[in-house]
Amino acid sequence: MFINWALGELNLKIVYYGAALSGKTTNLQYIHARTPANLRGRLISLKTQQDRTLLFDFLQLEMGKVNNLKPKFKLYTVPGQVYYAASRRLILQGTDGVVFVADSQAGRMAENQESWYTMEQHLIELGHDISTFPIIVQFNKRDLPHVISATELRNQLGVQQRPCFEASALRGNGVFDTLKAIMNAVVMQVRRSL
Amino acid sequence: MYVHGSFSLLSPPTLLQAFCQEQRSVYLAARRGQITAAIWIWEGLIVAATCDGLEGDEAVYRIASWDSGLFTVAPIYTSPTATMAATCEELLLEAARRRDEFGLDSYTISIDAMSA
């Protein structure tokens, strides 16, 4: 969270985290493409191996002000490959909420679990209490064949208590449901702390 | 009206992000050993940078990797000659990517070798 007094804005940071090729970038591209141009910033893209890291910011007018400050969300993806640790740490610094994008395909569970573990480790290192930190889980690629059931995914990732959304980011299904859930969770957390 | 400090207390990425997020116009001068560096931020955008013979983006990537050194920040009131125009985030993310792909050690060794 960054309070910009000069502009009267509350800058809130949401990070889309997950294994390489889980669909983080597709989520952000979909959101950017469907956000009115006057409310969003430029989509910044950084090429990394296999993935791209994306970020952009947008004003959220529907949520109203928080302590008289306009909430402005910055959305980021992290590069998913294991060796991009410094990049992930930099991106997670100062984050207010995380969307964990899990690949629902049967063969991707090990990558999902490893990614969840590294996310928790980074957040703990940054001083966050994992039990209260806003994390929304998205089960992506539900449109593909050979996907694991949502119940099985919840169990395998150990996220029975977390809000979870099924999605197909490529088609746009569930993308905005996930985004709204994390924005609400972040704003609620901020209101509790102010 | 200056800010002085040490990068061991406030890292270059944190310092740069603070001035850029507030859309300030400042001149940052830094020193690490014998190496000097400077970054000009105009209304929140990094518009010029130098570091030991490097200029522009490459200079920012180098400074971002410093874990020690001293800095001074002063306000500027007229637009400096821009040699680049990049958001802080773009530059810092690229610096982090390079650090991950090429390793910190090679950077550190070259910096130490130059400052020796």
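Residues numbered from 1 in each chain as written. Chains lettered and ligands numbered in written order. Predicted model: local features only at pLDDT ≥ 70, side-chain atom pairs only at ≥ 80, totals over all residues.

Caption draft 1: Summary view of the overall build of chain B. Across its full length, chain B carries 4 helices and 6 strands. In chain B, the succession of helices and strands from N to C terminus is β-α-β-β-β-β-α-β-α-α. Counting over 116 residues, chain B shows a buried share of 37%. (Helix = DSSP H or I, 4+ residues; strand = E, 2+ residues; numbered from the N terminus. Buried ≥ 20, exposed ≤ 12 C-beta atoms within 10 Å, placed from the backbone.)

Caption draft 2: Broad picture of the confidence of the model for chain B. Residues and elements named next belong to chain B. A residue-level look at chain B finds 89% of positions with pLDDT of 70 or above and a mean pLDDT of 87. When mean pLDDT is taken per element in chain B, strand β6 (residues 70-75) scores highest with 98 and helix α4 (residues 104-115) scores lowest with 41. Here residues 105-116 is modelled with pLDDT under 50, and outside its nearest four sequence neighbours on either side it reaches 8 contacts, counting other chains as well. The ipTM, which scores confidence in the relative placement of chains, is 0.74 for this predicted complex, and the corresponding pTM is 0.84. (pLDDT = per-residue confidence, 0-100. Contact = placed C-beta atoms within 7 Å.)

Caption draft 3: Representation of the nonpolar core within the structure. By size, the foremost hydrophobic cluster in this structure holds 73 residues, and its most contacted members are A:V15, A:F100, A:I182, B:V60, B:I63 and B:L92. No other element matches helix α5 (residues 175-193) of chain A, which puts 8 residues into this core. Sequence-distant contacts of B:I63, that is, excluding residues within four places in its chain, are made with B:P12, B:A30, B:A37, B:I39 and B:C51. (Core = buried A, V, L, I, M, F, W, Y, C linked by C-beta atoms within 7 Å.)

Caption draft 4: Structural view of the pairing of strand β4 (residues 45-51) of chain B. Residues and elements named next belong to chain B. Counting buried positions along β4 gives 5 out of 7 residues, so the element sits mostly inside the fold. As paired strands, strand β3 (residues 35-42) and β4 are joined by 6 bridges and run antiparallel to one another. Of the residues in β4, the one forming a bridge with A38 is T50. Turn length for the β3-β4 hairpin, with the two strands adjacent in sequence and antiparallel, is 2 residues, and the turn residue E43 shows positive phi of about 50°. Note: β4 against strand β5 (residues 54-55), 2 bridges, orientation antiparallel. Residue pairing for β5: C51 is matched across the bridge by L54. Joining the antiparallel neighbours β4 and β5 is a turn of 2 residues, in which D52 adopts a positive phi near 50°. (Pairing = 2+ DSSP bridges.)

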